[in-house]
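Architecture and fold: a report
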Amino acid sequence: QVQLVESGGGLVQAGGPLRLSCVASGRTFSSYAMGWFRQAPGKEREFVAAISWSGGSTYYADFVKGRFTISRDNAKNTVSLQMNSLKPEDTAVYYCAAVWRRVGATTKQEYDYWGQGTQVTVSS
C-alpha cells in the first residue's frame, strides 16, 4: 500500500514556473514507477510525465516536452514535476500516481495508487 500526497500547486502567470512535489509513504518507494497526470474541468485525466523506479528512464506527453521535467529522490520518497513556460491550457488538477515496477507506464489504467491532486491555475 502506498499513500501519495501532492503539494506545490497554485496560481501562476503564463510563462512562469511552478514545481509540484509528491511524497509517498512506505519503505518500498524505490520499487515504484511514478507518474503525473492532470485533469481539466470537463476533460479526461491525461498523462503528463512518468519516471522509472530507478529514475533512469523518463517519459513525457508531447504537449509538455521541453517545458516540464520529472525527477525523483528515492532517499526522500519524493517525486517532483518542474513546470516551466506554463500556459493557460496547463490549468488542471495535477495528480501523482504509483505502480509497482512497471516499465513505461503512460496510461492511467496502469497505475494503482493515486494522490488527492493539487490545483494548478495559469492566468493569461
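What comes next concerns the included structure. Treat the numbers as computed from the prediction; the structure is a model and nothing was measured. (Residues numbered from 1 in each chain as written. Predicted model: local features only at pLDDT ≥ 70, side-chain atom pairs only at ≥ 80, totals over all residues. Heavy atoms only, no water.)

**Concerning the overall build of the protein chain**
The secondary structure content of the protein chain amounts to zero helices and 11 strands. Ordered by position in the sequence, the α and β elements of the protein chain form the string β-β-β-β-β-β-β-β-β-β-β. On the principal axes, the C-alpha backbone points of the protein chain span a range of 40 × 25 × 25 Å. The burial tally for the protein chain puts 44% of its 124 residues in the buried class. In the protein chain, of all internal contacts separated by at least 6 residues, the share reaching a separation of at least 24 is 59%. Within the structure as shown, the protein chain displays about 6200 Å² of accessible surface, and the carbon and sulfur contribution to it stands at 47%. On the protein chain, the mean spot of the 13 positive side-chain charges and the mean spot of the 9 negative ones are 5 Å from each other. (Helix = DSSP H or I, 4+ residues; strand = E, 2+ residues; numbered from the N terminus. Buried < 20%, exposed > 50% of the residue type's maximum accessible area, 1.4 Å probe, protein only. Contact = heavy atoms within 4.5 Å. Areas by Shrake-Rupley, 256 points an atom, 1.4 Å probe, with all protein chains shown as cover. Lys, Arg positive; Asp, Glu negative; His and termini not counted. Charge placed at Lys NZ, Arg CZ, Asp CG, Glu CD.)

**Details of unusual backbone geometry**
You will see that Ser85, though not glycine, has its phi angle at about 50°, which is positive. Mapped onto the elements, Ser85 comes out in the loop between strand 8 (78-83) and strand 9 (92-100). With a phi angle near 40°, Arg101 is a residue other than glycine that sits in the positive phi range. Among the secondary structure elements, Arg101 is positioned in the loop between strand 9 and strand 10 (113-114). Given the relative accessible area of 43%, Arg101 is considered partly exposed.

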